[in-house]
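# Analysis of the macromolecular model
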Amino acid sequence: MKLVDSHCHLDDHQFDEDREQTIERARAAGIEALMAIGTGNGPPDLEAAIRLADRYPFMYATVGVHPHDAAKATAGTFEELRDLARHPKVKAFGEIGLDYHYDFSPRDVQRAVFETQLGIADDAGMPVVIHTREAWDDTLAVLGAHWRGGGIMHCFTGDERQAGQALDRGFHLAFGGVVTFPKAEPVRQAARITPEDRLLVETDCPYLAPVPVRGKRNEPAFLVETVRKLAEVRGVTPESLAGQTSRNFERLCLRHATPNE
Ligand SMILES: [Zn+2]
Ligand SMILES: [Zn+2]
């Protein structure tokens, strides 16, 4: 089975002891491409994913400021993001968005930093990777006012209605370990109604490991479990779902030509 993990935090300190082995296990499990998310610990370091993607041909990178870190962003941060968006391995902008669950940054600052980054992503012609938690309506409002491109609703945990809203805006939905959790029936229903050409899978590792490894540190090799469950929910084979989600990732993220190319 050939798989694409569309969302990983392999720079996380939880991988410091065995990052190489984790990447080897990912390859052995059939992961043929992987998107390293570059938000790291926030500004001033914006290159957490680029450092990884530069070392592995099958890895791609994003750049962006996570809503948690919005208060750390300065004018210099945005200037640097504009430059980094031209790096050949950078294929998307993110994860950006709003997180009203933790409120690590003030909400008005989160919104302003989100809007500014949508502008930079638009200029770069790149898809965006959206993180939204307990902020669905505001996220849609900001996208409605400031975004006309495509992107990914990462770790989609909404219901059928919210899936419809995101799909109407042209977004892809990326499903992760949550789809395997017993109580997540609304998320499985959202996965059922998602058109096959808008479907992606992700681990969001080290977070949100799927059943039967739930509670452990997550890693790309565990994506197989999510793919199996999602395939069962949609009534297709795991191989077919893996192939479809890999093609979707390629079409959305890898066909895009950076200004340097
Ligand atoms: Zn996230
Ligand atoms: Zn993430």
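Computed from a predicted model, the values in this text were never measured in an experiment. Every chain is numbered independently, its residues counted from 1 as its sequence is written. Chain letters and ligand numbers both follow the written order, the letters beginning at A and the numbers at 1. With the structure being a predicted model, the display of local features is reserved for residues of pLDDT at least 70 and the display and counting of side-chain atom pairs for 80 or more, all residues being used for whole-chain, interface and lining totals. Values reported for side chains reflect all heavy atoms of the structure, with hydrogen atoms and water molecules removed beforehand.

Tetrahedral coordination by four donors sets the ideal angle at the metal to 109.5 degrees; octahedral coordination by six donors sets it to 90 or 180 degrees. For the zinc ion (ligand 2), every protein donor is listed as His7 (NE2), His9 (NE2), Glu95 (OE) and Asp204 (OD), and the spread of their distances is 2.1 to 2.4 Å. Metal sites are built from N, O and S donor atoms within 2.8 Å, or 3.2 Å for Na, K and Ca, and they leave out water, so they may look incomplete. When four donors show all angles between 85 and 135 degrees the site is tetrahedral, when four or six donors have opposite pairs over 155 degrees and all other angles between 65 and 115 it is square planar or octahedral respectively, and in every other case it is irregular. The coordination sphere of the zinc ion (ligand 2) comprises four donor atoms, whose angles at the metal cover 87 to 178°; the geometry is irregular. Here the donor residues for the zinc ion (ligand 2) map to a single chain with the spacing H-x1-H-x85-E-x108-D. Metal-to-metal, the separation of the zinc ion (ligand 2) and the zinc ion (ligand 1) is 3.5 Å; Glu95 coordinates the two. Of this pair, His7 sits in strand E1 (residues 3–8) while Glu95 sits in strand E4 (residues 90–99), and the two are 88 residues apart along the sequence. Residue class for His7 comes out buried when judged on its relative accessible area of 0%. Counting from the N terminus, the helices are DSSP H or I runs at least four residues long and the strands are E runs at least two residues long. The cut-offs for exposure are 20% and 50% of the maximum accessible area for each residue type, with area from a 1.4 Å probe on protein chains only; residues under the lower value are buried, those over the upper are exposed, and the others partly exposed.

Let us look at the packing of helix H6 (residues 160–168) against helix H7 (residues 185–193). Axis lines are fitted through C-alpha atoms, for helices just across the contact stretch, and the angle between N-to-C directions can take any value from 0 to 180 degrees. Direction vectors running N to C along H6 and H7 enclose 40°, while the axes themselves pass 8 Å from each other. The angle between the axes of H6 and H7 places the two elements in the oblique class. Crossing geometry of H6 relative to H7 is assigned as right-handed. Of H7, the residues touching H6 (which contributes Glu160, Ala163 and Leu167) are Pro186, Gln189, Ala190 and Ile193. Split into classes, the residues belonging to the contact of H6 with H7 amount to five nonpolar, one polar and one charged. For classification purposes, an angle smaller than 35 degrees is called roughly parallel, one larger than 145 roughly antiparallel, one from 65 to 115 roughly perpendicular, and anything else oblique. Two helices that cross are described as forming a left-handed crossing if the nearer one is turned anticlockwise from the farther one by less than a right angle, and a right-handed crossing if clockwise. Contact criterion: two residues are considered in contact whenever any of their non-hydrogen atoms come within 4.5 Å of each other. Asp, Glu, Lys and Arg are counted as charged, while Ala, Val, Leu, Ile, Met, Phe, Trp, Tyr, Cys and Pro are counted as nonpolar; the rest, among them Gly, fall into the polar class.

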